[in-house]
Amino acid sequence: MSEPIVYLNGEFLPLSQARVSVLDRGFLFGDGVYEVIPAYGGKLFRLEQHLARLEQSLNGIRLESPLARAEWQPILSRLLQGERDQAVYLQITRGAYPKRDHAFPESIRPTVFAMATPYPEGRPQPAKAITCEDIRWQWCHLKTINLLANVLLRQEAIERGAQEAILVREGQVTEGAASNIFIVSGGVLATPPKGPKLLPGITRDLILELAAAHGIPCQEREIEADELARAEEIWYTSSTRELVPIVELNGQPVGLGRPGAVFERMYELFQDYKRAFRATR
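Notes on the structure follow. (Residues numbered from 1 in each chain as written. Predicted model: local features only at pLDDT ≥ 70, side-chain atom pairs only at ≥ 80, totals over all residues. Heavy atoms only, no water.)

A closer look at the overall build of the protein chain
For the record, the criterion: Secondary structure is summarised from DSSP: a helix means a run of H or I of at least four residues, a strand means a run of E of at least two, and numbering begins at the N terminus for each. Each radius of gyration is computed over the set of C-alpha atoms, and the globule rule expresses the reference value as 2.2 Å times the number of residues to the power 0.38. Relative accessibility thresholds used throughout: buried, under 20% of the residue-type maximum; exposed, over 50%; partly exposed, between the two (1.4 Å probe, protein chains only). Any two residues having at least one pair of non-hydrogen atoms within 4.5 Å are treated as being in contact. Residue exposure ignores everything except the shown protein chains as possible cover, and the areas themselves are Shrake-Rupley values with a 1.4 Å probe. Note that His is not counted, nor are the chain ends; the positive residues are Lys and Arg, and the negative ones are Asp and Glu. To locate a charge, take atom NZ for lysine, CZ for arginine, CG for aspartate or CD for glutamate.
When its secondary structure is counted, the protein chain shows six helices and 15 strands. Here the C-alpha atoms of the protein chain give a radius of gyration of 19 Å, agreeing with the 19 Å that 2.2 N^0.38 yields for 281 residues. Dimensions of the protein chain, computed from the C-alpha atoms along their principal axes, are close to 55 × 45 × 35 Å. Within the protein chain, the fraction of its 281 residues that count as buried is 49%. Within the protein chain, contacts between residues at least 6 apart in sequence are counted, and of these 69% link residues at least 24 apart. For the protein chain, the exposed surface amounts to about 13,900 Å²; the carbon and sulfur share of it is 53%. Across the protein chain, the centroid of the 32 positively charged side chains sits 3 Å from that of the 35 negatively charged ones.

Next comes the structure, spelled out in structure tokens:
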């Protein structure tokens, strides 16, 4: 199998040849942002929405985009390997500077890195989750590379035999360690509202669009942590994992302990949407 080609600061080169300075502010301070963009049938999925979120993150850390929005598509598309499902990872840091200083350096060139990786094939397996106190910073709506808290929370889930951690702050559900959270309660699909406590997920928004278009009752509202134990269904969503049903929470079954009817309906609607996207020119 040939070595993947990546993009780094204007060049396409084999992954093994990509090098970034140890003085890069992303390495030293986590001073950067990232985006993950699905690709189906060799085409970038919801690219405009992902680029809009990228710009929001860049604006949030006061970093000017190194490229105009229209310039990203040809660069990222060139990384795709055939028509199989893939994820494109794009990272932008403030760049490298000879002096380590917390303050923003003047006249510094951002570091831009991108690569594509294949998606795992097949339907997602039902998952187990735990609840954890949300220990992250207060600007979670920015998709920054400061992910240590997320890493620790996800690792806690793994060590406790689960696949995801559902985060709780001041008694309310925020999101997962690497996902957005949905519940079904009283037959109504619900997810926490957008705000600084959670990342505005692109898949999350599509789920709400599909629910509204197909008559599935849905709400964006605060979800109390104690609602999780009574929920008929719980799912998590992300660009790389799409929709995943949670069938066990904190060692107890969710609902009937298997994917629920609303999840099954939404999963099929999502797959139909993807098939229609693949068929477009």
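Points about helix α3 (residues 69-78)
Quick note on the threshold: Summarising the geometry, the arc corresponds to the directions from the helix axis toward the C-beta atoms.
Those residues of α3 that sit buried are W72, I75 and L76. One side of α3 holds all its buried residues, which, seen down the axis, span an arc of 95°. Away from its buried face, by an angle of more than 90 degrees, α3 presents the exposed residues A70 and R78.

Description of a nonpolar patch on the surface
The criterion, for reference: A residue counts toward a patch only above 30% relative accessible area and without a salt bridge, and it is joined to like-charged neighbours within 9 Å or, for Val, Leu, Ile, Met, Phe, Trp and Tyr, to nonpolar neighbours within 5 Å. Any carboxyl oxygen of Asp or Glu within 4 Å of a side-chain nitrogen of Lys or Arg constitutes a salt bridge here.
A cluster of nonpolar side chains, namely I135, L147, L148, V151 and L152, defines an oily patch on the protein surface of about 470 Å² accessible area. Its place among the elements puts V151 in helix α4 (residues 148-159).

Focus on the layout of surface pockets
Definition in use: Think of a 1 Å grid over just the protein atoms. A cavity is a set of points where a 1.4 Å probe fits yet cannot get out, a pocket is an open set with protein on both sides within 12 Å along at least five of seven lines, and lining residues have an atom within 4 Å of a point. Grid points are joined across faces, edges and corners, and a volume is the space filled by probe spheres set on the points.
Considering only enclosed or pocket space, the largest pocket measures out at about 660 Å³ in volume. Lining the largest pocket are 32 residues, with Y34, K143, N150, A177 and A178 sitting closest to its centre. Elements that contribute at least two residues to the lining of the largest pocket include exactly β3 (32-40), α4, β9 (172-176), α5 (202-213) and β13 (233-238). The element contributing the most residues to the lining of the largest pocket is α4, with five residues.

A short note on the pattern of salt bridges
All chains considered together, the criterion is met by 20 salt bridges. As a salt-bridge pair, D134 and R169 come within 3.2 Å of each other at their nearest N and O atoms. Of the two residues, D134 sits in the loop between β7 (127-133) and α4 while R169 sits in strand β8 (residues 164-169), which places them 35 residues apart along the sequence. Given a relative accessible area of 14%, R169 falls into the buried group. When salt bridges with common partners are traced through the structure, they connect D134, R136, R169 and E175 into a single cluster.

Description of the sheet that holds β3
Filter applied, for reference: A pair of strands is treated as paired once DSSP finds two or more bridges between them. Structural elements are reduced to axes, namely lines fitted to C-alpha atoms, with helices fitted over the stretch in contact, and the angle between N-to-C directions of any two is expressed from 0 to 180 degrees.
Across the sheet, which stays open at both edges, the six strands sit in the order β2-β1-β6-β5-β3-β4 with antiparallel pairing between neighbours. Each end of this open sheet is capped by a strand with a single partner; those strands are β2 (11-14) and β4 (43-44). Bridge analysis of strand β1 (residues 5-8) against β2 gives four bridges, and the strand direction is antiparallel. If you follow L8 over to β2, its bridge partner there is E11. Each of β3, β4 and β5 (86-93) is contacted by helix α2 (residues 47-60), which is oriented at about 175° to β3, the strand it contacts most.

A closer look at the packing of aromatic side chains
Applicable threshold: Two rings from Phe, Tyr or Trp (for Trp, the six-membered ring) form a pair when their centres are within 6.5 Å of each other. A pair whose planes differ by under 30 degrees is stacked, one over 60 is edge-to-face, and the rest are tilted. As a reminder, the over-ring test applies to NZ of lysine and CZ of arginine, requiring each to be within 6 Å of the ring centre and within 35 degrees of the ring normal.
Counting across every chain of the model gives 10 aromatic pairs. Where Y40 meets F45, the ring centres are 5.0 Å apart and the plane angle is 70°; that geometry is what we call edge-to-face. According to the relative accessible area criterion, Y40 is buried, its value standing at 1%. Judged by its relative accessible area of 5%, F45 is buried. Clustering of aromatic rings is evident, with ring pairs tying together Y40, F45, Y119, Y273 and F277. Stacked on the ring of F277, the Lys or Arg K43 has its end atom at 5.1 Å from the ring centre. Its end group placed over the ring of Y267, R123 keeps NZ or CZ at 4.5 Å from the ring centre.

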